[in-house]
Amino acid sequence: GDALGAARGARGPRLDRRRRGRAEPGNQAQSALPVQNDYASMERVHGRRAAQQAEQMCARFAEVWAGTTVHSLRGVLTPVKLHAQALMQLTAKGTGDPTAISELARKISDRIGFVERVLDDMRVFAQPVAATARRERLSEVVAEACATVADFFRAQRRDASPVALAISVPDDLTIELARHQIVVALTNVLKNAHEAFADGSDRFCRGSIIVTASVDGGAVKLIVEDTGPGLAAEDLRELQEFVPGRTTKKNHGTGYGLPIARRYVLAHQGRFSIDSQSGVGTTVTITLPLEREEVDEV
């Protein structure tokens, strides 16, 4: 009996470690059990056919997402492989030009950094959205997002001052929201708006971004307009699908900014739309309810 108890005791810590490993987020892939439970609940409430259609829609979206991600990462890994081969050839000779070696190493590091950003954005997009709302002053939320964008470009050593930012949000306008999520959503939208004026890797053309907010019935409309070059009709249609990882940018954007923003807005029972016209500019409209309704779990 003592020997058996000792054996169990020895196994206990190992089992606990394995269980903790499964429970800790990020250690392994997320469990599919919540999805299966949602599917079963939907089948009970709406019937098997509706549940099957929902499952097929999710599967098609996952296929598009996976295909887009593979295409994006292959576009990064191919030059990394070529740069690595060139680096090995230079170092194998023992007389490689230090400047050329340093430049190749920099290019590889930049590409790896992009992959890290993609993986970070994938993790954010895949996380469940649990929005704990409280009443916030919308002007403060907008100001925080603008400050975050300014810090972002400053950290990149990119001068965004040629882009004029005008904000018109009533100081007394308050709304129930999860502050961090809406700050992130608006930050992503504002980053995109600034990037419309990107001229090369470190410079911006002159232009303007206007942020306005107004009450429309029982909702707040938060509008971000830029006077950038706008999008061609085909690019706009692709963007309006909000497939994560798909991007029309030429500066290696991850393609997750707007899908994450939209996901956070939808979690607030809001609406997210984007419109653009080539040669005119782009407008993003975020509509949020002034009072969030309690939603019963299915």
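This text goes with the structure placed above it.
Model, not experiment: these values are computed from the prediction. (Residues numbered from 1 in each chain as written. Predicted model: local features only at pLDDT ≥ 70, side-chain atom pairs only at ≥ 80, totals over all residues. Heavy atoms only, no water.)

## Section: the nonpolar core
Step number 1: Counting 54 residues, the largest nonpolar core has L138, L190 and F272 as the members making the most contacts within it.
Step number 2: Sequence-distant contacts of L138, that is, excluding residues within four places in its chain, are made with V169, L173, T174, I175, L177, A213 and V220. (Core = buried A, V, L, I, M, F, W, Y, C linked by side-chain atoms within 4.5 Å. Buried < 20%, exposed > 50% of the residue type's maximum accessible area, 1.4 Å probe, protein only. Contact = heavy atoms within 4.5 Å.)

## Section: the environment of C205
Step number 1: Among the structural elements, C205 can be located in the loop between β5 (203-204) and β6 (207-216).
Step number 2: Among the residues examined, C205 registers a relative accessible area of 35% and is labelled partly exposed.
Step number 3: Those residues in contact with C205 that sit more than four places away from it in its chain are P162, V163, F197 and D199. (Helix = DSSP H or I, 4+ residues; strand = E, 2+ residues; numbered from the N terminus.)

## What to know about unusual backbone geometry
Step number 1: Positive phi outside glycine occurs at R157, with the angle close to 60°.
Step number 2: Within the secondary structure layout, R157 lies in the loop between α5 (138-155) and β2 (163-168).
Step number 3: Classification of R157 by relative accessible area gives exposed; the value is 77%.
Step number 4: For Q269, which is not a glycine, the phi torsion comes out positive at approximately 65°.
Step number 5: Position of Q269 relative to the elements: it lies in the loop between α8 (257-267) and β8 (271-277).
Step number 6: Here Q269 falls in the partly exposed class, since its relative accessible area comes to 32%.

## Focus on the environment of L165
Step number 1: Its place among the elements puts L165 in strand β2.
Step number 2: Taking relative accessible area as the criterion, L165 reaches 37% and is therefore assigned partly exposed.
Step number 3: In this structure, the C-alpha to C-alpha distance between L165 and I209, residues 44 residues apart in sequence, is 4.9 Å.
Step number 4: Contacts of L165, omitting those with residues within four sequence positions, involve C146, L190, I209 and V211.

## What to know about α5
Step number 1: Spanning 18 residues, α5 covers 26 Å between terminal C-alpha atoms, matching the ideal 26 Å at 1.5 Å per step.
Step number 2: Phi turns positive, to about 60°, at R157, one or two residues after α5. (Expected span 1.5 Å × (residues − 1).)

## Concerning the pattern of salt bridges
Step number 1: Applying the stated rule across the entire model yields eleven salt bridges.
Step number 2: Residues R154 and D151 are paired through a salt bridge, measuring 2.6 Å at the closest nitrogen-oxygen approach. One end of the pair, R154, and the other, D151, are both in helix α5, three residues apart, so they sit about a helical turn from each other.
Step number 3: Classification of D151 as partly exposed rests on a relative accessible area of 45%.
Step number 4: Residues participating in the shared-partner salt-bridge network are R134, E136, R137, E140, E144 and R179. (Salt bridge = Lys/Arg side-chain N within 4 Å of Asp/Glu carboxyl O.)

## Thoughts on helix α6 (residues 179-195)
Step number 1: Compared with an ideal rise of 1.5 Å per residue, which puts 17 residues at 24 Å, α6 spans 24 Å between its outermost C-alpha atoms and is within 8% of the ideal.
Step number 2: Where burial is concerned, most of α6 is hidden: twelve out of the 17 residues are buried.
Step number 3: Looking at α6, one finds that the buried residues are Q181, I182, V183, A185, L186, T187, N188, V189, L190, A193, H194 and E195.

## Overview of the sheet that holds β6
Step number 1: In spatial order, the strands read β2-β6-β7-β9-β8; together these five strands make up an open sheet with mixed pairing. The open sheet terminates on both sides in strands that have one partner only, identified here as β2 and β8. Sheet twist, expressed as the mean angle between neighbouring strand axes with direction ignored, is 15°.
Step number 2: Here β8 pairs with strand β9 (residues 281-289) via seven bridges, running antiparallel. Following the sheet pairing, S273 is matched in β9 by T285.
Step number 3: Set on the sheet, α5 makes contact with β2, β6 and β7 (219-226); between it and β2 the angle comes to about 165°.
Step number 4: In this fold α6 packs onto β2, β6, β7, β8 and β9, with an angle of close to 25° to the strand it touches most, β7. (Pairing = 2+ DSSP bridges. Axes fitted to C-alpha atoms, helices over the stretch in contact; angles between N-to-C directions.)

By themselves, these observations are geometric and do not establish any function.
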